[in-house]
Amino acid sequence: MADHTVKTDLNLVTHVPASQNSMVLSAAIFITLIGLIIYLHFVKIDQESLLVIGSLGIQVTSSYASGKESTTFIEMGQVKDVVINEAIHMQKVIYYLCILLQDPEDPQGVSEVVPLFQSTKPRLDCLIEVYKSCQEILEQRKTASQSSGIK
């Protein structure tokens, strides 16, 4: 094995074995691969979906690059409205869909805003289609609850 000569600040000459350099390189590659696996498993979202069932609630599912899925369910009784919101990010206007959750203590208030499709960031025309579908279902629910006398 070849040794590499390294000159330090104190003008001392030190010999670093080539095997030590390869161990450092191997450790760096290993740590990089572990970081990539963690990123793919916990961070990188490939697909987001929204399922709205008027009598039950809204299910939000995120599918990660690793195949892992994360699902959140919001009961329809908690949903006040679904809106398209806008934000300015890096001199660009971004539109996103939000679920407004009803405040249990104040029926006119909003307790929480739940943003949807944060990773996939669909275009405005796609968001409008999803928004219209959600509003149809919410309107059907309101009509049904008013005709049966349930608030």
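This one's a predicted model, so the numbers in the text were calculated from it and none came from an experiment.

Peer 1: Help me understand the overall build of the protein chain, please; the structure alone is not making it clear to me.
Peer 2: Of the regular secondary structure elements, the protein chain holds two helices and eight strands. Put simply, the protein chain has 151 residues, and 18% of those count as buried. Carbon and sulfur atoms make up 57% of the accessible area of the protein chain, which amounts to about 11,200 Å² in all.

Peer 1: Quick question: what am I supposed to make of the UniProt feature "transmembrane region" (unreviewed entry) in the protein chain here?
Peer 2: Under the UniProt annotation, "transmembrane region" (unreviewed entry) lies at residues 23-42. Summarising residues 23-42: 100% helix, 0% strand, and an end-to-end C-alpha distance of 28 Å.

Peer 1: Looking at this model, I keep getting lost on the layout of surface pockets. Mind explaining?
Peer 2: Taken as a whole, the second largest pocket spans an internal volume of roughly 230 Å³. For the second largest pocket, the lining is made up of 14 residues, of which Glu-48, Val-60, Ser-62, Pro-115 and Gln-118 are closest to its centre. Of all elements in the fold, only β3 (45-53), β4 (57-64), β5 (69-75) and β8 (110-115) reach the threshold of two or more residues within the lining of the second largest pocket. A breakdown of the residues in the lining of the second largest pocket according to their chemical character gives eight nonpolar, five polar and one charged.

Peer 1: Looking at this structure, I do not really get the pattern of salt bridges. What am I missing?
Peer 2: Counting across every chain of the model gives one salt bridge. Asp-125 is the partner of Arg-123 in a salt bridge, and the nearest nitrogen-oxygen pair spans 3.0 Å. Taking relative accessible area as the criterion, Arg-123 reaches 56% and is therefore assigned exposed. Residue Asp-125 is classed as partly exposed on the basis of its relative accessible area of 43%.

Peer 1: I'm lost on unusual backbone geometry in this one. Help?
Peer 2: In most cases, non-glycine residues show a negative phi, while peptide bonds are predominantly trans. Of note in this structure, Gln-91 is not a glycine but carries a positive phi near 60 degrees. Along the polypeptide, Gln-91 turns up in the loop between β6 (79-89) and β7 (92-102). Using a relative accessible area of 84% as the deciding quantity, one classes Gln-91 as exposed. Although it is not a glycine, Lys-121 adopts a positive phi angle of roughly 45 degrees. Overall, the relative accessible area of 51% leaves Lys-121 in the exposed class.

Cut-offs and rules
All residue numbers refer to position in the chain's written sequence, counted from 1. Only residues with pLDDT of 70 or above have their local features reported here, since the model is predicted, and side-chain atom pairs are shown and tallied only from 80 upward, although totals for entire chains, interfaces and linings are computed over all residues. Side-chain calculation: all heavy atoms of the structure are included, whereas hydrogens and water are not. We count a stretch as a helix when DSSP gives it H or I for four or more residues in a row; a strand needs E for two or more, and each element gets its number in order from the N terminus. For every residue, the accessible area obtained with a 1.4 Å probe (protein chains only) is divided by the maximum for its type, and the residue is called buried under 20%, exposed over 50%, and partly exposed between those limits. Every accessible area reported is derived by Shrake-Rupley at a probe size of 1.4 Å, with residue values counting cover from the shown protein chains alone. UniProt positions are given in the numbering used here, feature names are shortened, and annotations may be inferred rather than shown by experiment. Buried and open spaces are told apart on a 1 Å grid over the protein atoms alone, a cavity being a set of points where a 1.4 Å probe fits but cannot get out and a pocket being an open set with protein on both sides within 12 Å along at least five of seven lines. Residues with an atom within 4 Å of a point are the lining residues. Grid points are joined across faces, edges and corners, and a volume is the space filled by probe spheres set on the points. Classes in brief: Ala, Val, Leu, Ile, Met, Phe, Trp, Tyr, Cys and Pro nonpolar; Asp, Glu, Lys and Arg charged; the others, Gly included, polar. By convention in these notes, a salt bridge is any Lys or Arg side-chain nitrogen within 4 Å of a carboxyl oxygen on Asp or Glu.

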